[in-house]
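# What the coordinates show
Here are the chains, one letter per residue:
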Amino acid sequence: QVQLVESGGGSVKAGGSLRLSCAFSGRTFSDLAMGWFRQAPGQEREFVAVISWRDGRTLYADSVKGRFAISRDNSKNTMYLEMNSLKPEDTAVYYCAARRTWVTLSMLPAQYNYWGQGTQVIVSS
């Protein structure tokens, strides 16, 4: 069992920045891949970024490359998503998720085993 808690969402103007955090507990974290997903009203849940806890490999959606950065702090059992140059189309509920393997990095929500409750991000023009 893994428990995930997101924080750091809020409202920001276009071009601004936010940093989301995901604190987790419940198992040996070196076994996990940890990812961020987002879902806008009326839309499917979409992949944002993922990181392997063991070796730090990362994968990003094309829509956020160069603007967002995923990272981890092993001592705090926390994952971060630094979001820069935010656009109105980034508005969504952002979810932290965990997958029980680090060997491959997946973009598919159905392959993740644990989910947080989500945190709202609103970007205004």
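Our subject is the structure that appears above.
Notes on the structure in this doc start here.

Let's shift gears to the pairing of strand S1 (residues 3-7). Residues Leu4 and Glu6 line the buried face of S1, whereas the alternating positions Gln3, Val5 and Ser7 sit on a face that is not buried. With five bridges joining them, S1 and strand S3 (residues 18-25) adopt antiparallel strand pairing. What sits directly across from Ser7, in S3, is Ser21.

Here we come to the side chain of Thr78. Looking at the secondary structure, you find Thr78 in strand S8 (residues 78-83). Polar contacts involving the side chain of Thr78 include one to the main-chain carbonyl oxygen of Lys76, which spans 2.8 Å. Apart from residues lying up to four places away in sequence, Thr78 is in contact with Ser21, Cys22, Ala23, Phe24, Trp53, Ser71, Arg72 and Asp73.

Membership of the largest hydrophobic core comes to 37 residues, with the highest contact counts inside it found for Leu4, Met34, Trp36, Met79, Leu81, Met83 and Tyr94. Sequence-distant contacts of Met34, that is, excluding residues within four places in its chain, are made with Leu4, Cys22, Phe24, Ala49, Val50, Ile51, Trp53, Ile70, Met79, Cys96, Ala97 and Ala98.

The buried count for strand S9 (residues 92-99) comes to eight of eight residues, which makes it a mostly enclosed element. Bridge count between strand S4 (residues 33-39) and S9: seven bridges; the pairing is antiparallel. Bridge pairing in S9 links Trp36 to Cys96. Where S9 meets strand S11 (residues 119-124), three bridges bridge the pair, whose relative direction is antiparallel.

The strand order S1-S3-S8-S7 describes an open sheet built from four strands, whose pairing is antiparallel. The open sheet has two free edges, formed respectively by S1 and strand S7 (68-73), since each of these has just one partner strand. Ignoring which end each strand starts from, the neighbouring axes of this sheet average 15 degrees apart. In this sheet, S8 lies alongside S3 in antiparallel orientation, the contact comprising six bridges. Paired with Cys22 across the two strands is Met79, which belongs to S8.

Further remarks concern the state of the cysteines. Scanning the model with the defined rule gives one disulfide in all. The disulfide that involves Cys22 links it to Cys96, with 1.9 Å between the sulfurs. For the disulfide bridge between Cys22 and Cys96, the dihedral angle about the S-S bond is near -70 degrees, and by the sign convention the bridge is left-handed. Of this pair, Cys22 sits in strand S3 while Cys96 sits in strand S9, and the two are 74 residues apart along the sequence. By the burial criterion, Cys22 is buried, and Cys96 matches it.

Cut-offs and rules
- Residues numbered from 1 in each chain as written.
- Predicted model: local features only at pLDDT ≥ 70, side-chain atom pairs only at ≥ 80, totals over all residues.
- Heavy atoms only, no water.
- Buried < 20%, exposed > 50% of the residue type's maximum accessible area, 1.4 Å probe, protein only.
- Helix = DSSP H or I, 4+ residues; strand = E, 2+ residues; numbered from the N terminus.
- Pairing = 2+ DSSP bridges.
- Polar contact = N/O pair within 3.5 Å; in protein donor to acceptor, adjacent residues only side chain to side chain.
- Contact = heavy atoms within 4.5 Å.
- Core = buried A, V, L, I, M, F, W, Y, C linked by side-chain atoms within 4.5 Å.
- Axes fitted to C-alpha atoms, helices over the stretch in contact; angles between N-to-C directions.
- Disulfide = S-S within 2.5 Å.

By themselves, these observations are geometric and do not establish any function.
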